[in-house]
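The chain contents come next:
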Amino acid sequence: MSRLQGKRTLITGGTTGIGLATAKQFLAEGARVVITGNNPDSIARARAELGPDVLALRADSADVAAQCQLAEAVKAHYGQLDVAFLNAGVSVWQPIEAWTEDTFDRSFAINVKGPYFLIQALLPVFSNPASVVLNTSINAHVGAARSSVYAATKAAFLNFSKTLSSELLDRGVRVNAVSPGPVETPLYDKLGIPDAYRDQVNQDIVRTIPFGRFGKPDEVAKAVIYLASDESAWTLGAELVVDGGRLLNTAN
């Protein structure tokens, strides 16, 4: 298929999970792909997996200066950019008592501030038309215990799909969001859940999903492809939920 044929694309956090699955599907759809990551080992593995035609760059999503440098690298590589999938993020779940000002600020810097200023830095680089897809989360809508800061970052990020859609429409830049539910990704490594509890946590999560299983990264990637492609040319400021029906069980 060639729904993204020749489109110049950027995927932040493209070395693992949803980002890596999206990079693979973008390539299969004919796109040119640049990915970012912040872990040298993950970047090296992604380079080997995706092939030499994919440019893999190191960029700390929390660092505004790094986002400006990334925008310059994209401009140097492509000239202009047709699609940006802003996927890099961190998921930290802990009770309110455990949060410090530094950890709070770090989560907002990675999930909200960095991506915002990346969009700003990319404004001169975006083609007309261009598509921006934000990877948010159903946790923007779900009042899950221990998710207060994470959910707040995703709610703020989700709102950009609406406010920036209005602001950037005259520039030909569409902004939409994909909101995954629980997905099989390296999430546990980030959350620090002990091995002894992982099975129980899995079971507890699956019980809240009407479809009866976790999602797969490539299932989210298919939604991203739609929002990135010209098929969604009349879709603006929208949120595409991909959650196996999890939001049907918001009381759980």
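Each chain carries its own residue numbering, running from 1 in the direction its sequence is written. Where local features are concerned, this predicted model is filtered to residues with pLDDT of at least 70; where side-chain atom pairs are given and counted, the filter is 80 or more; whole-chain, interface and lining totals use all residues. Side-chain numbers come from the whole structure's heavy atoms, not from hydrogens or water.

A.B. asks: Honestly, the pattern of salt bridges in this entry has me stumped. Any pointers?
C.D. replies: Once the charged atoms of two side chains with opposite charge are near each other, the side chains can pair. Salt bridge, as applied in this entry: a Lys or Arg side-chain nitrogen positioned within 4 Å of an Asp or Glu carboxyl oxygen. Evaluation of the coordinates by the stated rule reveals 9 salt bridges. Measuring nitrogen to oxygen at the nearest pair gives 3.7 Å for the salt bridge that ties Arg3 to Glu231. On the criterion of sequence distance, the pair formed by Arg3 in the segment before β1 (8-12) and Glu231 in the loop between α8 (217-228) and β7 (239-242) is long-range, its members being 228 residues apart. Three exposure classes are used, based on accessible area relative to the maximum for each residue type with a 1.4 Å probe and protein chains only: buried under 20%, partly exposed in between, and exposed over 50%. For Arg3, a relative accessible area of 27% puts it in the partly exposed group. By relative accessible area, which is 47% here, Glu231 ends up partly exposed. Of the charged contacts, one joins Arg213 and Glu219 as a salt bridge, the two residues approaching to 2.7 Å between their closest N and O atoms. For Arg213, a relative accessible area of 30% translates into the label partly exposed. You can call Glu219 partly exposed: its relative accessible area is 30%. Here the salt bridges share partners, and the residues they tie into one network are Arg3, Glu29 and Glu231. Secondary structure follows DSSP: runs of H or I at least 4 residues long count as helices, runs of E at least 2 residues long count as strands, and numbering of each begins at the N terminus.

A.B. asks: Help me understand the packing of helix α1 (residues 17-28) against helix α2 (residues 40-50) in this model?
C.D. replies: Helix packing geometry: the angle between the two helix axes and the distance between the axes. Closest axis-to-axis distance for the α1/α2 pair is 11 Å, and the angle between their directions is 25°. By the criterion of interaxial angle, the relationship of α1 to α2 is roughly parallel. For the crossing formed where α1 meets α2, the hand is right-handed. Packed against α1, whose contacting residues are Leu20, Ala23, Lys24 and Leu27, the element α2 presents Ala46, Glu49 and Leu50 at the interface. Residues are grouped as follows: Ala, Val, Leu, Ile, Met, Phe, Trp, Tyr, Cys and Pro are nonpolar; Asp, Glu, Lys and Arg are charged; every other residue, Gly included, is polar. In the contact of α1 with α2, the residues fall into 5 nonpolar, no polar and 2 charged. In this analysis, axes come from line fits to C-alpha atoms, helices being fitted only over the stretch in contact, and the angle between any two N-to-C directions falls in the range 0 to 180 degrees. When an angle is under 35 degrees it counts as roughly parallel; over 145 it counts as roughly antiparallel; between 65 and 115 it counts as roughly perpendicular; any other value is oblique. Left-handed is the label given to a crossing in which the near helix is rotated counterclockwise from the far helix by less than a right angle, and right-handed is the label when the rotation is clockwise. Contacts are assigned to residue pairs with any non-hydrogen atoms lying within 4.5 Å of each other.

A.B. asks: Sorry if this is basic, but what is going on with the pairing of strand β5 (residues 126-135) here?
C.D. replies: Looking down a regular strand, the side chains alternate between one sheet face and the other. Burial analysis of β5 places 8 of its 10 residues in the buried class, which makes it a mostly covered element. Strand pairing is defined by DSSP finding a minimum of two bridges between the two strands. The pairing of strand β4 (residues 81-86) with β5 spans 5 bridges and is classified as parallel. Within the sheet, the bridge partner assigned to Leu81 lies in β5 and is Phe126. For the handedness criterion, the strands are oriented away from the viewer, and a crossover whose path from the first strand over the helix to the second runs clockwise is classed as right-handed. Chirality of the crossover, the property in question, places the unit of β4, helix α4 (residues 101-122) and β5 among those that are right-handed. As paired elements, β5 and strand β6 (residues 173-180) share 6 bridges and run parallel to each other. Across the sheet, the residue bridging to Ala130 is Val173, located in β6.

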